Each structure stands twice: as C-alpha cells, then as structure tokens.
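Residue-level structural notes
Now for the letters of each chain:
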Amino acid sequence: MSNLAYETDPAETETNEPDPTLQTLRPVPRISIQAFCETDAVANPIQRAGADRRMSKAHLKVNMGGITTAVEFYQTAATPNLVIIESAHEPREMLASLERLAEVCDPGTKVIIIGHYNDVWLYRELMRAGISEYVVAPISMADIVSVIANIFVDPDSAPIGQTIAFIGAKGGVGSSTLAHNLAWSISNLFENEVVVADLDLAFGTANIDFDQDPPQGIAEAVFSPERIDEVYLDRLLAQCAEHLSLLAAPSTLDRVYDFDAEAFAQIIDTTQRTVPVMVLDVPHIWSGWSKTTLARADEVVITATPDLANLRNTKNLIDTLKKLRPNDGPPKLILNQTGVPKRPEISLADFSEPLGITPIASIPFDPHFFGNAANNGRMLAEMDAKNPVVETINELAHVLTGRREAKPKQKAGLSGILERLKRKS
C-alpha cells in the first residue's frame, strides 16, 4: 500500500494557494524598475511583486506620487529600464500629463500605466503614444509580475526547466538519497532529461550513489562562472542513465568552499535552459548561497525523521521559506526512516500539527534495502522495482513534477510539542 496521500475533497483546498499565473512565468531579467503610486492599493501589490522569486534579479523601488512626482524626479535623474505610473486622472488629462513625462524619459525606457478608467479609446491612445502597457486598477501582485514578464521576457524563448531543491532538516536524514532516487524515477518514468546537481562540494554523495567518478563537475562551474554556457555545461555533465545526468561534487577537502549568495545562480540558470527538470541536492547548512538557492527553486522538499530536533528544524525551515517565498506554496515534507525498532518517535499527526502541513510521504526504516543500494552504487528501483518504497518514490515523482496533486489528510495532533521545544531552548 502506498504511503502517499492524495487530495480527494475540494473543500480541503488551502485558501492561500499560489496564483497559477505565476507558475508558468519565466524569471524577469536583471532590470531596474521604479514605480510612482498614488494609492496604497496599488503600491502594496507592486511592493509584494518585488519580493517574488521570479523578480529576484530585478531591482524595484516604489515611490508615492504619480506622474507629477515622476516628472520632477527624472528632471535630475536617469530613467530606469521600466517606469510604472499610477494615475487617477481622467483619460484626456492623463494623456496630456504623459507628454511631460516623455520629455524627461530616456528613449529606451519602458512605461506601464496603471489607471482607473476602463476605456478602449484611452488604451489605443496610450499604445499609440508608445506606452508599453495599460493596466486598470485594482491590480494584484500576480498582475504586476505578469505584465513585467510579458514586456521583458522573449515570448519565443523556450520554456525553462523546473528546479526541485531537496534539503534535510538534519544531517543524515536521507535527503540526498531521496533526491537522487526521485531524479532517477522522474527520468525513467517520464523519459524526461533530468540533471542532478550535488551542491555539497565537500561531502557530496551523488557520485557514489550513481557509481560515477567524473573528472569534472559542479566545482569547475562555480569557480569559473564566466565560462558557463550550454557547451561548457555539457562537458561537465556525467551521464548516469539514458535520461539522467549528474553535476558531481568533488567531495574533497583540498580547498574551502566559501561562496557568495549568487555562487550557483549561473549554473542553475544555464541548466534550466537545457533540461526540463533539475534536482538540487542542497546540503544541511544555512548560508547565503543555500538560502538563495532554496528561495528561488520552483519546489522545495524537506526531509525529516520523526524526532524533536527534526521537528524544530523543520518548523524553522518552513517558517523562513514562507517569508522568502511569499507567493509560492509551502515546502513539501517527507518523513523518512520511520518505524526504527525501539526508538521513541513522534507520530505523523503530532509532527504535522505545529507545522501546519502534513508530510506528503512517510517512508519506513529499511536499512537492508537502502544499504544494499548505496553500497552497490545503484538506485532503489534497480534493486527491487516492486518494493513499496519504490512505489512511494514513483508516486512522489508524479507529485513533484505537477502530474498529480498531493493533499494529505489532516489529522489531530499534540498541541504541546512546540512548548517542549521552547523549554529545551
């Protein structure tokens, strides 16, 4: 029987589901944006748009004041790539004021107008005047991100691949093992090209799990970001299976691996342009680059075991990622190594309650099965394709690639667990 729970009752749908419009958008390129707003109802969603991960490369500043403020400002300052103006003026007055804005705008600057008149004549006149887009208030955060992406992202560009980042709530909980096996299942089940990137440069295990010893890997890309392009990436990839490639970690200590927050951004961006799915094996550390990597991933998967320290760390990760990814759904949670003989465990219900989410899968402790696969450099499905754990991993592959929705059933739990955590701290 599968350990994965699926959504069956539409009434259980969460109220804060991410806007589906955002899920299909390519990231906005590195541009500068300045907004001049007359109302908080417009300024607030624009401000929230700036915090969206699809806008992470853009620099957005929101100012209060409409066209008049913008004209005064740009009389002594250069205009950015994009100016967003809110105007409550009636159509003819708006057009007249925009002529003053045109006199101080650089020729290459794009302009978005947010108005309060749903007027076809006004729209046509604005387009004729060279305005990039006219949006009628009220607006949402998703509206802003979408209209900016539509202006600055080439519509003929190929879609970018999905990134799925795995991280353990503690070291040794099996996050890497699950990441590697799920990548293998996605590539095998759907015949999709998948790249696994082992981001634990000092102690990564992907090369062992896939029985690979490539002469080059992800370290070459990280230490020479200026060389990264699709040709160079192809040279760094080690072929693990028909549709699966690996960016291996050196797993050596001959140098230290201290990186800035953007260290892995270039290699991830390049890989996304070449394959449909990229699995990021993120080590259990908290640094600028690991935080950035998790914040920008399309999907985050936390692996935990059912004890108090894992619960505390999982709670911290979920709360932090919700702040970093305000317009995305919460991370997915996998409870691993359950049912260890003679080990006291927190039940699934008790583990779930303080987190506000339920694990999408519970994988039982099976050291013989997992150990044999690891020691032979093979995937679990290669050892025993009919094992219930493999069935669960295959179902997870459907969920994480969006082919199937997962919505665990809610269960009552123990409300005092967080109090125990506070007492221990």
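Read on for an overview of the structure. (Residues numbered from 1 in each chain as written. Predicted model: local features only at pLDDT ≥ 70, side-chain atom pairs only at ≥ 80, totals over all residues. Heavy atoms only, no water.)

**Let's talk about the overall build of the protein chain**
Applicable threshold: Secondary structure follows DSSP: runs of H or I at least 4 residues long count as helices, runs of E at least 2 residues long count as strands, and numbering of each begins at the N terminus. Exposure is judged per residue with a 1.4 Å probe applied to protein chains only, and the accessible area is read against the type maximum: over 50% gives exposed, under 20% gives buried, and values in between give partly exposed. In what follows, residue pairs with any heavy atoms lying within 4.5 Å of each other are defined as contacts. All accessible-area figures derive from a Shrake-Rupley calculation using a 1.4 Å probe, and residue coverage is judged against the displayed protein chains alone.
Looking only at helices and strands, one finds 18 helices and 13 strands in the protein chain. Counting every position in the protein chain, which comprises 425 residues, the buried fraction comes to 49%. Put simply, of all contacts in the protein chain between residues at least 6 apart along the chain, 79% involve residues at least 24 apart. Surface exposure of the protein chain reaches about 20100 Å², of which carbon and sulfur atoms provide 49%.

**Let's talk about the pattern of salt bridges**
To be explicit about the condition: A carboxyl oxygen of Asp or Glu within 4 Å of a side-chain nitrogen of Lys or Arg is what we treat as a salt bridge.
Enumeration over the complete set of coordinates arrives at eleven salt bridges. Here Glu262 ties to Arg296 by a salt bridge, and the two come within 2.6 Å at their closest N and O atoms. Taken as a pair, Glu262 in the loop between β9 (244-247) and α11 (265-272) and Arg296 in helix α12 (residues 288-296) lie far apart in primary sequence, 34 residues in all. For Arg343, the salt bridge goes to Glu345, with nearest N and O atoms at 2.9 Å. Its relative accessible area of 28% is what places Arg343 among the partly exposed residues. Accessibility expressed as a relative area gives 32% for Glu345, which makes it partly exposed. One salt-bridge network, held together by shared partners, links Asp52, Arg53, Arg54, Asp298 and Asp328.

**Section: the side chain of Glu299**
As a reminder of what qualifies: Think of a polar contact as two N or O atoms within 3.5 Å of one another; within protein, one of them needs to be a possible hydrogen donor and the other a possible acceptor, and neighboring residues in sequence only count if both atoms come from side chains.
Along the chain, Glu299 falls in strand β11 (residues 299-304). Looking at Glu299, the relative accessible area reads 15%, which means it is buried. At 3.1 Å, the side chain of Glu299 forms a polar contact with the side chain of Lys332. The residues contacting Glu299, other than those within four sequence positions of it, are Gln162, Thr163, Ile164, Ala165, Arg325, Pro330, Lys332 and Leu400.

**Some words on unusual backbone geometry**
Trans is the common state for peptide bonds, and a negative phi is the common state for residues other than glycine. At the junction of Ala137 and Pro138, the peptide bond is cis and its omega measures out at 5 degrees in the coordinates. Among the secondary structure elements, Pro138 is positioned in the loop between β5 (133-136) and α6 (141-152). One non-glycine residue, Glu191, lies in positive phi territory at about 50 degrees. The backbone of Lys342 shows a phi angle near 65 degrees, a positive value even though the residue is not glycine. By the element assignment, Lys342 lies in the loop between β12 (332-338) and α14 (348-352).

**Some remarks on α6**
Note on helix geometry: an α-helix contains 3.6 residues per turn, so any two residues three or four positions apart are oriented the same way. The line we're drawing: The span you would expect from a helix comes to 1.5 Å times its residue count less one.
Here α6 spans 17 Å end to end across twelve residues, near enough to the 16 Å set by a 1.5 Å rise per residue. Where α6 is concerned, the buried positions are Met141, Ala142, Ile144, Val145, Ser146, Val147, Ile148 and Ala149.

**A short note on the nonpolar core**
As a rule of thumb, soluble globular proteins bury nonpolar side chains together. Keep this limit in mind: What we call a nonpolar core is a set of buried Ala, Val, Leu, Ile, Met, Phe, Trp, Tyr and Cys residues that are connected through their side-chain atoms within 4.5 Å.
Formed by 44 residues in total, the largest nonpolar core has its most connected members in Leu247, Phe264 and Ile302. Residue contributions to this core peak at five residues, all from helix α13 (residues 308-324). Discounting residues that sit within four places of it in the chain, Leu247 has contacts with Val195, Val196, Ala197, Asp198, Gly217, Ile218, Leu233, Leu236, Leu237, Ile267, Thr271 and Met278. The next biggest cluster of nonpolar side chains, apart from the first, holds 35 residues, and it includes Leu178, Ala248, Val389 and Leu396.

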